[in-house]
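Below are the chains, spelled out letter by letter.
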Amino acid sequence: MADQTASNGTKSNGTNSSGTYLIRGASILGEGAEDLLIRDGVIAGRGKDLSEADAANATVIDADGLIALPGMVDVHTHLREPGREDAETVETGTRAAALGGFTAVHAMANSTPVADTAGVVEQVHSLGRAAGWVDVRPVGAVTVGLAGEQLAELGAMADSRAQVRMFSDDGICVHDPVLMRRALEYVKAFDGVVAQHAQEPRLTAGAQMNEGEVSAVLGLTGWPAVAEESIIARDVLLAQHVGSRLHVCHVSTAGSVEIIRWAKARGINVTAEVTPHHLLLTDELVRSYDPVYKVNPPLRTNADVEALRAALADGTIDVVGTDHAPHPSEHKECEWAQAAMGMTGLETALSVVQHAMIETGLMTWADFARATSVAPAGIGRLADQGRPLEEGEPANIILVDPAARWTVDPAAMATMGRNSPFRGMELPGKVVATFFKGHPTVLEGKLNTPYRYPAEAPVSGMAGAN
C-alpha cells in the first residue's frame, strides 16, 4: 500500500496483522529523537535509524516532530457503569481515555450498585476487557454502600479476578476516624491503598463554592479550605500510626499542600493527586453562575492554583488525576444550586497540563511522564504501566504533537458527558497515537480498533460478575 500522510504529521505504510510497528524519529520524553520497534506487545528495539531488517513487515509510523511518552494512567475516573449508563459507560469512557492518551484508568466505586463487593468489581473488570480500549482497574468502596458505617468486602475484592488494590468512597469522605483507621489497617495485608475524599461534612453542609471573597459577593454558602485540610491532617497521622498507604484525592488548597509536604518530610507513606481543572481554573469563574464550574472540591483562588502547580512540580503532589465526572445534560444545564458537581477531563487532561505546567516552564515532558504515568501506576500497583520506553518493556506508548492547537468542543468528544469547563478554550498538544499492549487504539488522532484480550480462564472459588 502506498504511504499515506495525515494532517497531524503521522505517516504509515498501511496496516498489518503481525502486530509489528516501527515508530520513526520520535522524541523520547521530549529529548533526543529515536526509533521504537513494537512487536508482540513489547518494545522490541530502540535506537537511531533501526535497520531495514527491523522494519520488515512492520507498519511504519513517521513520528518526526512528535513526542513519545509512556501511556498515561488515571487514578481517578468515573465511568458510571453499572447503573448510570445515561451519564457514561465503560465503552464510551474508555474510548475517551484512549483518545486522551491513557492506557489505564481506575474506575471509581460510586456506581449503582456501588462497587463494594467482588461481584461488582469483577463486572467492571469484565466490561473493561470487553471494551479493549484501556486497562480498566476497578476501585473498591471502603464502606458498604458508601454509607460510612461498616467496611466493605475489601479482602474479597482484593482476591477477586479484578485484583483491586485501591479503595475509595470518593464523593463521600470516610469521616469516622475509627473506620478510617480500620480500613488503613486492613489494606496492609495485600499492599492496598485507601484513597480519601477529604471533606469534613459538618464544615461543608449546604456549601456551593469556595469560601472567600467571591462567595461573599455572590451570596453563596462557602466551602472552607479547612474542611479539606483537617481531614488530610487527621489521615496522615492515622497512616503514620498504622504504617499504611494513604492517597489523598483531588487536593485543592495551599494549606493541604503544606500538610502533605510536612507528612512526607516525616516519612509518612502518603501520596496525593491534583486535577487538571484545579491547576488552571479559579473561583472567579463562578461569577458567571454557569454550573459547568460547579465541582467537588470547588475551584479555589489563584493563590491555591499557584501552590498546586508548585507542589506538582516539586513532587509534593505525586500525580495528576482527572476526576472525570460526566453527567447528563439535564443535571448540569439547570440552576446553580440544583446542578450536579463534576467535570469531564479525560480528553483534555494532557493539553491542560501542557498549558499549565510545561508551557510555563514548571515541568518538562519527562516530569509529565512521572506525574501522569510512572507515579500513578505505582500507586495503583500496575506492573505493566508507567514503564520506561526501553527494549523488553510493555508497549503502552503515546505519541503527542506538542505544537498542535485545538479548540475544545464537548459535542465532538467521545465521552457522553458534555460538561467540560474548558469548552471554547484553545489548548496546546494533541494525542496522535495511543498504543495499548502494542496495539494502536488511536492512530492519526482518531480511534482505530480496540485491543482484544485472550479469553480468561475460569477461577475456582471466586465470585462471578453480576
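Up top you'll find the structure we're talking about.
Numbers given for residues are sequential positions, taken from 1 along each chain in its written order. In keeping with the model being predicted, local features are shown solely for residues with a pLDDT of at least 70 and side-chain atom pairs are shown and tallied solely at 80 or more, while totals for entire chains, interfaces and linings include all residues. Only hydrogens and water are removed before side-chain values are computed, so all heavy atoms of the structure are retained for them.

**Some details on empty space enclosed by the protein**
- A pocket here means an open set of points on a 1 Å grid, computed over the protein atoms alone, that has protein on both sides within 12 Å along at least five of seven lines. A cavity is instead a set of points where a 1.4 Å probe fits but cannot get out; residues with an atom within 4 Å of a point line either one. Grid points are joined across faces, edges and corners, and a volume is the space filled by probe spheres set on the points. Scanning the model with the defined rule gives 3 cavities of 30 Å³ or more in all.
- The space that makes up the largest cavity amounts to roughly 70 Å³.
- The wall of the largest cavity is formed by His 78, Leu 79, Arg 80, Glu 81, Ala 107, Met 108, Asn 110, Ser 111, Ala 115, Val 124, Pro 138 and Val 139.
- Residues are grouped as follows: nonpolar covers Ala, Val, Leu, Ile, Met, Phe, Trp, Tyr, Cys and Pro; charged covers Asp, Glu, Lys and Arg; every other residue, Gly included, is treated as polar. Looking at the lining of the largest cavity, its residues break down into 7 nonpolar, 3 polar and 2 charged.
- Every residue lining the second largest cavity is listed: His 106, Arg 137, Pro 138, Ala 162, Gln 163, Val 164, Arg 165, Met 166 and Gly 380.
- Taken together, the residues that form the lining of the second largest cavity break down as 4 nonpolar, 3 polar and 2 charged.

**Structural notes on the sheet that holds strand 8 (residues 72-77)**
- Any two strands with at least two DSSP bridges between them are considered paired. Only runs of H or I of at least four residues qualify as helices and only runs of E of at least two qualify as strands under DSSP, and these elements are numbered from the N terminus. Taken in spatial order, the 3 strands line up as 8-9-10 in an open sheet, and their pairing is parallel. The outermost strands of the open sheet, each flanked by one partner alone, are strand 8 and strand 10 (135-138). Neighbour-to-neighbour, the strand axes of this sheet turn through a mean angle of 20°, independent of strand direction.
- In this sheet, strand 9 (residues 102-107) lies alongside strand 8 in parallel orientation, the contact comprising 4 bridges. Within the sheet, the bridge partner assigned to Val 73 lies in strand 9 and is Ala 104.
- Relative to the sheet, helix 3 (residues 118-131) contacts strand 9 and strand 10, its axis offset from that of strand 10 by approximately 175°.
- Where helix 12 (residues 365-380) meets the sheet, it contacts strand 8 and strand 9, and its direction lies at approximately 60° from that of strand 8. The convention used is that axes are lines fitted to C-alpha atoms, helices contributing only their stretch in contact, and that angles between N-to-C directions extend from 0 to 180 degrees. Whether two residues are in contact is decided by their heavy atoms: any pair within 4.5 Å suffices.

**Re the sheet that holds strand 16 (residues 270-274)**
- The 5 strands are arranged 11-12-15-16-17 in an open sheet whose pairing can be described as parallel. Looking at which strands have only one partner, the edges of the open sheet turn out to be strand 11 (166-167) and strand 17 (319-320).

**Describing the packing of helix 8 (residues 254-265) against helix 10 (residues 302-314)**
- For the pair helix 8 and helix 10, the least separation of the axes is 8 Å and the interaxial angle reads 30°. It follows that helix 8 is roughly parallel to helix 10 by the angle criterion. In contact with Ala 254, Val 257 and Arg 261 of helix 8, helix 10 contributes Asp 304, Ala 307, Leu 308, Ala 311 and Asp 314.
- Class assignment for the residues of the contact of helix 8 with helix 10 results in 5 nonpolar, no polar and 3 charged. Under this scheme an angle from 65 to 115 degrees is roughly perpendicular, one under 35 degrees roughly parallel, and one over 145 degrees roughly antiparallel; angles in between are oblique.

**A look at the pattern of salt bridges**
- Note on definitions: salt bridges are taken to be side-chain nitrogens of Lys or Arg within 4 Å of carboxyl oxygens of Asp or Glu. Evaluated as defined, the whole model comprises 21 salt bridges.
- As a salt-bridge pair, Asp 384 and Lys 437 come within 3.4 Å of each other at their nearest N and O atoms. Linking Asp 384 in the loop between helix 12 and strand 18 (397-407) with Lys 437 in the loop between strand 19 (426-436) and strand 20 (439-443), this pair joins segments that are 53 residues apart in sequence.
- Relative accessible area decides the class of each residue, using a 1.4 Å probe on protein chains only: under 20% of the type maximum gives buried, over 50% gives exposed, and in between gives partly exposed. When its relative accessible area of 25% is taken as the criterion, Asp 384 is described as partly exposed.
- Residues Arg 405 and Glu 426 are paired through a salt bridge, measuring 3.5 Å at the closest nitrogen-oxygen approach. Taken together, the residues span a long stretch of sequence, with Arg 405 in strand 18 and Glu 426 in strand 19 at a distance of 21 residues.
- With a relative accessible area of 43%, Arg 405 lands in the partly exposed category.

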